[in-house]
Amino acid sequence: MALDFQTSVIDIKGIGPARARLLRKLGIESVSDLLRHFPRDYRDVSKVTAIAEASLGDAVLCVQIRHNAHTFRKKGLTITSAQANDKTGSVTLIWYNQPYMAGNLKQGATLLAIGRLEYRFGELQMANPILESPGSSIIGERWLPVYPLTAGLSQRLMHHAVAACLHDMPKDIFDTLPEEIRQENGLCGLYEALWGIHFPKNAEELAQARKRLVFEELLLFQAAMASVSSRERNERGVPLACSNEKTEELLGKLPYELTNAQKKALIELASDMRKPAPMNRLVQGDVGSGKTALALFVLLWAASEGYQAAMMAPTDILARQHCRTAERFLAPLGIKTALLTASQTQAERSETLERIKTGEIQAVIGTHSLISKGVEYKNLAACVVDEQHRFGVSQRAALLNKGVHPHVMVMSATPIPRTLALILYGDLELSLLDEMPPGRQSIKTYCVPQDKRADMYGFIRKHALSGGQAYVVCPLVEESEALEARSVEQVYDDVAKAMPDVPAGCLHGKMPGKKKDELLQRFEKGEIRVLVSTSVVEVGVDIRNATLMAIESPERFGLAQLHQLRGRVGRGETQSYCFVMLPEGEHAAKGRLEYFAKHLDGFELAEEDLRLRGPGQFLGTRQTGLPDMKAVEFAGNVENVQKTREVLQKLLKGGYGERAGKAVMEAAMSRYGKAFDEIAMN
Ligand code: ADP
Ligand code: MG
C-alpha cells in the first residue's frame, strides 16, 4: 500500500485504539504527525558487544534476564530494575517511572538492551535501555532513534511504527520544497530527509536530514506568517512629531522619575515614531521594570496629534487596570480613553464602538476584544501589545490590520531568543529595560513544607494585621483533578478559618469582569487584606501595597509563570515575601521549586525553564504564541532564519515561478494555518 500522510495512525500495523490514544497525547494522529515526531537522541547499534568488552557509553548488549524485574519507589520515583548477564559479565537494567517495562523482563528471557552503559554504585548499569528481540531487523547499519515518549508507549513500538511508515513511503513522495529551492540551498529531498532523521546511517546523513527539515520548517513557518500578517518592509506609516512639550507634560504628571533605562527606551520609541516607516519595537524588561509607563507615552504621542492608539492586554483584569492608569495620566492632558473588553454589557459596548469609529475616543485599552469584527477605528496610528507572548501571531496581526501600518510596540517580561524574535517579528528593534526603579528590595522566597502551612497562615495573618496585604494564588483546576490540587474555594475556606479577623476575598476567572475588577479595587484600597485568587493575577497586576505572595501547588506552574506571579509583589520599597508550598511527599518538582526560591532574575529563570522543558514546550503556544516547531532548535539558527527569509522574499515575488510559490504557501498554511487560528488567549 502506498503511504498517505493523512492516513490515521490506527491503520499502521501494530497500532490499535489504545496505542492510538497514547500517541494522541504526543500530538500524533496521522502518519505525517508520526513522521514529524523527531527523535531526541540516537543510539549507534551497528554491533552487539559482550559486557566484558563494552566500554562505557552507547552500547548494545545481548543479555539474559536472571530474575523477574522488581519495581519499587524511591525519592518519589518508581524504579524498575532487573539483573541481566551474558557469558562475560552482568549488568543492572534500570528504568525510572516506567513500571510497565517490568512485563518484558521475565526470568530467562533473552533480549537486546540498547542504551548508555554507566558505572554506578559499584556496578555496571544501563538506565532506561531500549529493548529489542535478538535478531531484530532494526539492528544493523542504521542508528536507532530515541523518541520523546509518554507513559505506556515504548521506544520499540515507535521504532516499528515509524519504520513501517518509512518502508511504505514511495521514493518519489511529493516534496514540500520545490526542486529549485532545494538545489539552490543544497538540500536533500523529503524521502532522504525522513529516513535520515529517523534512522540515519551516520552523522553525515543525520546532518543532511536535519538541515533540510529545519530549512523547510523555517520557510513554511515564515510563509504562513507572511500570509496572515500583511506587514512588509518599506511600507509607509504615519510619522509623528512626538513633541517634547507633550512628553514633558506627561513626565510632570508621573509620580516618579523615569529610570535611565526607561529614558533611553523613550528616546528610542520617539525616534522610531518620528520616521515614516512604522515602528516595530519590542520592549523587554523583567517583571516590575516599569514597561507600562512607556506605553502611556506611545498612546499620548499618537492621540495628541489627532490619531488613535490602542493597547491590548491578555486579561480582563489587566486591561481594566491599564485603562484606569491611562485615564489617570492621560485625561488631564485632554486625551479621551475607553475600555473595550468582552465582559462589558452590549449597551456599553455598542456605545464605545460608535465613539471609536467617530474618532472621539483617542486611546482604547482592551483585551482581544479590540480585534473583534465589529471594531472599526477612524485612524489607528499606534498599537501597544502588553505581555506579547500571551497573544497568537494572528491576533497581533489582526490588531495591526485595524490601522494602516500603525507603529507597533510590544512589551514582554519573557526573554525570547533572538532567532525566535526574528521569526516572529521580522526586523524588530529591541529596547531593554535592564534596570529596576530605585529602592526595590529583593523578594525573600521560601519553600514551605505542607506541615508548616499553619505557620505560614500565621505569618500571613500577622502581615495583614500590621498593614501589609497578601495574595494566595492557586492554579486553575479541573474538577477531575480536584484530588491533586486544591481549588481556590477550598483554599479560601482554609484562609477564612485560619484568620477570621482578616478581611479576605476570593477571585477567580469565571467571575464576571466587573466583579473581578471590583474585588481587585477593594484589594487595592486595602478593604480586602488577603486575596485568594486563581492565576488570573499572573500577569501585569500592579498593587504596590501587596507585599506577600503565597503560591499553592506551585509544581503546576512553569518557572517563568512562577516568576510572573512573584512579580506581583516587590513593586514598592517595602520588603516583600514569596512562599511556595512544597507538594506532599517526595516530588520531582521540588528541585525546580528550590531553584526558583534561590533565583530572582527572570532571564536566568527563563533559561532554566527552556532547559528543563525543551524548546517545544517553552516556545509553544503559551510562551510565544507560536505553534510547536519540531526540527528547529532555536538557540543557534539565526543564519538559517535569515537565509529562509531571503528565499521567502524571492518566492513571494514570483522568483521560483507561480506553481512553486503556490505549493509552498499551501504547504505552509496546511501545516501552520490552523495552529495560528487556534492560538487563543487564556
Ligand atoms: P512591568 O514592567 O512589570 O509592566 P509596571 O509598569 O507595572 O511593570 O511597573 C511596576 C511598578 O513600578 C508600578 O507600580 C509603577 O508605577 C512603578 N514604576 C514604574 N516606573 C517607575 C520609576 N521609574 N520609579 C518608580 N516606580 C516606577
Ligand atoms: Mg506589565
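Being a predicted model, the structure only gives us computed values, none of them experimental.

Colleague: How should the overall build of the protein chain be read in this particular structure?
Modeller: When you go through the protein chain residue by residue, the secondary structure sums to 22 helices and 22 strands. The buried share among the 682 residues of the protein chain stands at 55%. Taking the intrachain contacts of the protein chain between residues at least 6 apart in sequence as the baseline, contacts between residues at least 24 apart amount to 75%. Split by element, the accessible area of the protein chain, about 30,400 Å² in all, is 50% carbon and sulfur.

Colleague: What exactly am I supposed to notice about the site of ligand 1 here?
Modeller: Taken together, 17 residues lie around ligand 1, and G288, T292, R440, D542 and R571 are the ones closest in. Here G290 contributes a backbone N or O atom positioned 3.0 Å from an oxygen atom of ligand 1. Within the side chain of R440, an N or O atom sits 2.8 Å from an oxygen atom of ligand 1. When grouped by side-chain class, the residues that make up the shell around ligand 1 number four nonpolar, six polar and seven charged.

Colleague: Please clarify how the pattern of salt bridges should be interpreted in this entry.
Modeller: Pairing of side chains with opposite charge becomes possible as their charged atoms draw close. In the structure shown here, the tally under the stated rule is 27 salt bridges. Residues R43 and D41 are paired through a salt bridge, measuring 3.3 Å at the closest nitrogen-oxygen approach. The exposure class assigned to R43 is buried, which follows from its relative accessible area of 11%. Relative accessible area serves as the criterion here: at 23%, D41 is assigned to the partly exposed category. Here R212 makes a salt bridge to E216, at a shortest N to O gap of 2.4 Å. Separated by four residues within a single helix, R212 and E216 lie in helix α6 (residues 203-228), roughly one turn from each other. With a relative accessible area of 2%, E216 lands in the buried category.

Colleague: Would you explain helix α10 (residues 316-330) in this entry?
Modeller: Spacing of three or four residues puts side chains on the same side of an α-helix, whose turn is 3.6 residues. Between its first and last C-alpha atoms α10 spans 20 Å; for 15 residues at 1.5 Å apiece the expected length is 21 Å, and the two agree. Among the 15 residues in α10, eleven count as buried, and that is most of the element. By the burial criterion, the buried members of α10 are D316, I317, L318, A319, R320, Q321, H322, C323, A326, F329 and L330.

Colleague: Honestly, the environment of V146 in this entry has me stumped. Any pointers?
Modeller: Positionally, V146 belongs in strand β9 (residues 144-146). A relative accessible area of 5% means that V146 is categorised as buried. In this structure, the C-alpha to C-alpha distance between V146 and H159, residues 13 residues apart in sequence, is 8.6 Å. When sequence neighbours within four positions are dropped, the list of residues in contact with V146 reads P39, R40, D41, Y42, R43, I130 and Q155.

Colleague: Before we go on, may I ask you to explain the nonpolar core in this structure?
Modeller: Soluble globular proteins tend to bury their nonpolar side chains together. L250, M273, L294, L299, W301, V384 and M409 are the most contacted members of the largest nonpolar core, which has 46 residues in total. Listing elements by their share of this core, those giving two or more residues are α8 (260-273), α9 (291-303), β11 (308-312), α10, β13 (363-366), β14 (380-385) and β15 (407-412). Top element by residues in this core is α9. It accounts for eleven residues. The contact partners of L294, leaving out residues within four places of it in the chain, are Q262, A265, L266, L269, V283, M409 and L433. V45, I130, Y147 and Y191 belong to the second-largest nonpolar core, a separate cluster that totals 42 residues.

Colleague: What am I meant to see in the sheet that holds strand β17 (residues 444-448) here?
Modeller: In any sheet, the strands associate via hydrogen bonds between backbone groups, in a parallel or an antiparallel arrangement. Pairing is parallel across the open sheet formed by six strands, whose spatial order is β17-β22-β21-β18-β20-β19. Of all the strands in the sheet, just β17 and β19 (504-507) have a single pairing partner and so form its edges. Direction aside, neighbouring strands of the sheet carry axes that sit 20° apart on average. With five bridges joining them, strand β18 (residues 469-474) and strand β21 (residues 546-551) adopt parallel strand pairing. Residue pairing for β21: V472 is matched across the bridge by A550. Relative to the sheet, helix α18 (residues 590-598) contacts β17 and β22 (577-581), its axis offset from that of β17 by approximately 160°.

Colleague: What should I look at first to understand the side chain of Q469 in this one?
Modeller: Residue position: Q469 is located in strand β18. At 2.6 Å, the side chain of Q469 and the backbone oxygen of F523 are in polar contact.

Colleague: How should the packing of helix α7 (residues 244-253) against α9 be read in this particular structure?
Modeller: Think of two packed helices as two axes; the pair is described by the angle between the axes and how far apart they sit. Across the interface, α7 lies against α9 with an axial gap of 10 Å and an inter-helix angle of 140°. One element, α7, and the other, α9, form an angle in the oblique class. Here α7 runs over α9; the crossing is right-handed. For the pair α7 and α9, contact is made by K246, T247, L250 and L251 and by L296, F297, L300 and W301, respectively.

Colleague: What am I meant to see in the pairing of β11 here?
Modeller: Regular strands have side chains that alternate between both faces of the sheet. In terms of burial, β11 is largely enclosed, as five of its five residues are buried. Where β11 lies against β14, five bridges are found, and the strand directions are parallel. Bridged to M311 within β14 is V384. Sheet topology note: the β11/β13 ladder contains four bridges and is parallel. Within the sheet, the bridge partner assigned to M312 lies in β13 and is G366.

Colleague: For this particular structure, what's the right way to read unusual backbone geometry?
Modeller: Trans is the common state for peptide bonds, and a negative phi is the common state for residues other than glycine. Non-glycine residue H405 carries a positive phi angle of around 45°. Tracing the sequence through the fold places H405 in the loop between α12 (393-400) and β15. For S553, which is not glycine, the phi torsion reads 40° and is therefore positive. With respect to the element layout, S553 can be found in the loop between β21 and α17 (559-566). Residue S553 is classed as buried on the basis of its relative accessible area of 9%.

Colleague: What am I meant to see in the packing of aromatic side chains here?
Modeller: How two aromatic rings sit relative to each other is given by the distance of their centres and the angle of their planes. With the rule as written, the count across this model stands at seven aromatic pairs. Measuring from centroid to centroid gives 6.0 Å for Y446 and F579, while their planes differ by 35°, and the two rings are tilted. Of this pair, Y446 sits in strand β17 while F579 sits in strand β22; the two residues are 133 residues apart in sequence, bridging distant segments of the chain. Members of the aromatic cluster, each reached through a chain of ring pairs, are Y446, F459, Y577 and F579.

Colleague: For this particular structure, what's the right way to read the confidence of the model for the protein chain?
Modeller: Caution applies to low-pLDDT regions: their predicted coordinates should not be interpreted in detail. Chain-level statistics for the protein chain give a pLDDT mean of 85 and a share of 88% at 70 or above. Per-residue pLDDT stays below 50 along residues 615-625; that stretch engages in 44 contacts with residues further than four places along the chain or on separate chains.

Colleague: Looking at this model, I keep getting lost on the pairing of β22. Mind explaining?
Modeller: Burial analysis of β22 places five of its five residues in the buried class, which makes it a mostly covered element. A two-sided burial pattern is seen for β22, the buried positions comprising Y577, F579 and M581 on one face and C578 and V580 on the other. Sheet topology note: the β17/β22 ladder contains five bridges and is parallel. Considered in β22, the bridge of K444 is made with Y577. Strand direction decides the pairing type here: β21 and β22, joined by four bridges, are parallel. Following the sheet pairing, A550 is matched in β22 by F579.

Scoring rules and cut-offs
- Residues numbered from 1 in each chain as written.
- Chains lettered and ligands numbered in written order.
- Predicted model: local features only at pLDDT ≥ 70, side-chain atom pairs only at ≥ 80, totals over all residues.
- Heavy atoms only, no water.
- Helix = DSSP H or I, 4+ residues; strand = E, 2+ residues; numbered from the N terminus.
- Buried < 20%, exposed > 50% of the residue type's maximum accessible area, 1.4 Å probe, protein only.
- Contact = heavy atoms within 4.5 Å.
- Areas by Shrake-Rupley, 256 points an atom, 1.4 Å probe, with all protein chains shown as cover.
- Near = heavy atom within 4 Å.
- Polar contact = N/O pair within 3.5 Å; in protein donor to acceptor, adjacent residues only side chain to side chain.
- Nonpolar A, V, L, I, M, F, W, Y, C, P; charged D, E, K, R; others polar.
- Salt bridge = Lys/Arg side-chain N within 4 Å of Asp/Glu carboxyl O.
- Expected span 1.5 Å × (residues − 1).
- Core = buried A, V, L, I, M, F, W, Y, C linked by side-chain atoms within 4.5 Å.
- Pairing = 2+ DSSP bridges.
- Axes fitted to C-alpha atoms, helices over the stretch in contact; angles between N-to-C directions.
- Parallel < 35°, antiparallel > 145°, perpendicular 65-115°, else oblique.
- Left-handed = near helix turned anticlockwise from the far one by under 90°.
- Phe/Tyr/Trp six-rings, centres within 6.5 Å; stacked < 30°, edge-to-face > 60°.
- pLDDT = per-residue confidence, 0-100.

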